[in-house]
Amino acid sequence: VDLPRNCQVSLMEQLDRLVRPLVDAMRTDVLNSGYVYLDATPVPVQDPGRPGASREATLWAFRGATGTVWFEYQASKSPQHPDRVLKAANFRGHLQTDAASGLGDIGPPGQVIALGCHAHLRRYFYRAVEAGEREAEPYLRASNRWFRLERLAKHFGLNLEKRAKLRARHSVIEFDALLKRAATDCLTALPKSGFGVGLHYLLAQQVPLRRCLTEAKAELSNNAVERAIRPLKIGAKNWIQIGHPNAGPRLANLFTVVENCRLLGLDPEAYLLDLIARLPDHPAAKVAELLPGTWAQHRSPAATNAATGSGAGQSR
């Protein structure tokens, strides 16, 4: 089927309007979860004021404790955007970021517990060791031990209380000792070396990084939301850029729907086909029933196959 470009755009616009209540429900689910992972990724968008040229916009990714992810399109990477979102939702709980500029104190004052990202910290020292900076090795070994302890805690199914005791007995003590060592090492490390940059990150972010080890509910890294962003970056190699700023929010909404399906291992085609049929007559007050996780619980494999037509051969 050869569909003109304007027809394709129109269809996506109609689909966006249809799924918007569902995307709003996903947004609410994330912001009410009490624990949000936050990250941003740049996306190129065509500039109507300069034909043939593009500029950089941003997709903000919010992932909640329930596993739901929600994307918001904005024209810039200003921290004012997520700050406004968190305040409008009166968010209360943990907020985990990668220490990007301005994200350390966003959200309703006194209601947000800011957490750092040990994966980013480890990355600096890993690259320094790869570059032959042997003085970074003790820092990398310590970081590896913290992550190993987290994997062991998960493997043995430790509850929050037992995991907190394990961290207090090992990771917190070692982290504090490493801070003292870093305060000395930074006096002689080259500021622009990989090791020097890692030390600066550790010392500048020591408070939110330490909270990752002392807060019972805290995770060590922001990787959960970074994994949700990765398919978008891969896909961008195909679609290259957003065709118009007005299409930015549409991309964010539709990618929110598809990515939540991917994270749950659902077939996006089956899910969208069912939504298109049901959403126009579905009560707005019960839209949460159509969230991907809830939808999957009420769908049998046979029903899912029928939705995609994959069971047509068997029925004949």
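Use the structure listed above.
A brief look at the structure comes next.

About the criteria used
Residues numbered from 1 in each chain as written. Predicted model: local features only at pLDDT ≥ 70, side-chain atom pairs only at ≥ 80, totals over all residues. Heavy atoms only, no water. Salt bridge = Lys/Arg side-chain N within 4 Å of Asp/Glu carboxyl O. Helix = DSSP H or I, 4+ residues; strand = E, 2+ residues; numbered from the N terminus. Buried < 20%, exposed > 50% of the residue type's maximum accessible area, 1.4 Å probe, protein only. Core = buried A, V, L, I, M, F, W, Y, C linked by side-chain atoms within 4.5 Å. Contact = heavy atoms within 4.5 Å. Pairing = 2+ DSSP bridges. Axes fitted to C-alpha atoms, helices over the stretch in contact; angles between N-to-C directions.

1. Describing the pattern of salt bridges
Taken as a whole and assessed by the stated rule, the structure comprises 17 salt bridges. The residue Asp83 makes a salt bridge to Lys87 at a minimum N-O spacing of 3.2 Å. Of the two residues, Asp83 and Lys87 are both situated in helix α2 (residues 80–88); the distance of four residues between them amounts to about one turn of the helix. Take Asp83: its relative accessible area is 16%, and that puts it in the buried class. Residue Lys87 is classed as partly exposed on the basis of its relative accessible area of 43%. Note that Glu150 and Arg163 form a salt bridge whose closest N and O atoms lie 3.7 Å from each other. Note that Glu150 is positioned in helix α4 (residues 137–155) and Arg163 in helix α5 (residues 160–169), a separation of 13 residues in sequence.

2. What about the nonpolar core?
Formed by 46 residues in total, the largest nonpolar core has its most connected members in Phe71, Tyr73, Phe125, Tyr139, Phe195 and Leu202. Apart from the residues within four sequence positions on either side, Tyr73 is in contact with Val43, Val45, Ala57, Thr58, Leu59, Ile242, Pro245, Gly248, Pro249 and Ala252. Formed by 33 residues, the second largest nonpolar core is a distinct cluster that contains Met26, Leu38, Leu254 and Tyr271.

3. As for the sheet that holds strand β3 (residues 69–74)
Hydrogen bonds between backbone atoms are what pair the strands of a sheet, whose relative direction is either parallel or antiparallel. Strands sit in the order β3-β2-β1-β4-β5 across an open sheet of five strands; the sheet is mixed. Of all strands in the sheet, those bounded by a partner on one side alone are β3 and β5 (112–115). Strand after strand, the sheet turns through a mean of 30 degrees between neighbouring axes, direction not considered. Where strand β2 (residues 54–64) meets β3, six bridges bridge the pair, whose relative direction is antiparallel. The residue bridging Leu59 from the neighbouring strand is Tyr73, located in β3.

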